[in-house]
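Here is what each chain is made of, one letter per residue.
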Amino acid sequence: MCTKNLPYFLSGLVVKGFGRGSKDLGVPTANLDDEVVHNLPSDLNTGIYYGWACINGQVHKMVASIGWNPFYKNEKKTVEVHLLHKFENDFYGKQIKVIIMDYIRPEKDFTSVEELMKAIQNDIAVAKKQLQQSDKITYKDNAFFTE
């Protein structure tokens, strides 16, 4: 895993995804536009990451999936951000800013939706724990979010 690019800062518009995060998994995601995906560093591995995301002026912990989502056999690479906060409304067309702090695990094909959901819940637990560390929590107030 190449971590020399971390933390990695990105921003883009939230676009409609496949609709699986909320419906199938109960884990809504903010999908970033294709331009953001195309501009990712070539040596940034696909997989699951954690960090901070700002939408509507509020910063929240997040878990992000970057890649092909092998379980769903995606034909295009995506960046999907799950903010660890319950929102009343979606934010299609809004600008989101993300700081990817660190890598959790590689992408994986799962044998069932239940197995995938268990892994996602574990990813969320890892993110919550890691983002409490003082070297990570300081990024919550990074100037990038207010620029």
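Residues numbered from 1 in each chain as written. Predicted model: local features only at pLDDT ≥ 70, side-chain atom pairs only at ≥ 80, totals over all residues. Heavy atoms only, no water.

If you look the chain up in an unreviewed UniProt entry, it shows as Riboflavin kinase from Habropoda laboriosa. Here is the UniProt Cofactor (unreviewed entry) comment for the chain, exactly as written: "Zn(2+)". What the UniProt record of the chain gives under Pathway (unreviewed entry) is the line "Cofactor biosynthesis; FMN biosynthesis; FMN from riboflavin (ATP route): step 1/1." (UniProt positions renumbered as here; feature names shortened; annotations may be inferred.)

**Considerations on the nonpolar core**
Core analysis: the largest hydrophobic core is formed by 24 residues, its most contacted members being L10, V81, L83, I96, V98 and I100. If you list the elements that add at least two residues to this core, you get β1 (8-15), β2 (30-32), α2 (34-38), β3 (47-55), β4 (58-67), β5 (78-83) and β6 (95-105). No other element matches β6, which puts four residues into this core. Once you skip the residues sitting within four places of it in the chain, V98 turns out to touch Y8, F9, L10, W52, A53, M62, V81, F144 and F145. (Core = buried A, V, L, I, M, F, W, Y, C linked by side-chain atoms within 4.5 Å. Buried < 20%, exposed > 50% of the residue type's maximum accessible area, 1.4 Å probe, protein only. Helix = DSSP H or I, 4+ residues; strand = E, 2+ residues; numbered from the N terminus. Contact = heavy atoms within 4.5 Å.)

**Focus: the sheet that holds β5**
Overall, antiparallel pairing links the six strands, which are arranged β1-β2-β5-β4-β3-β6 in a closed barrel. Averaged over all neighbouring strand pairs, the angle between strand axes comes to 40°, with direction disregarded. Alignment of β2 against β5, held across two bridges, turns out to be antiparallel. Paired with A30 across the two strands is V81, which belongs to β5. Strand contacts of helix α3 (residues 113-130): β3, β4, β5 and β6, with the helix running at about 135° to β4, the strand carrying the most contacts. (Pairing = 2+ DSSP bridges. Axes fitted to C-alpha atoms, helices over the stretch in contact; angles between N-to-C directions.)

**Observations regarding the environment of S134**
Along the polypeptide, S134 turns up in helix α4 (residues 134-137). Put simply, S134 and K118 are 16 residues apart on the chain and 27 Å apart in space, counted from C-alpha to C-alpha.

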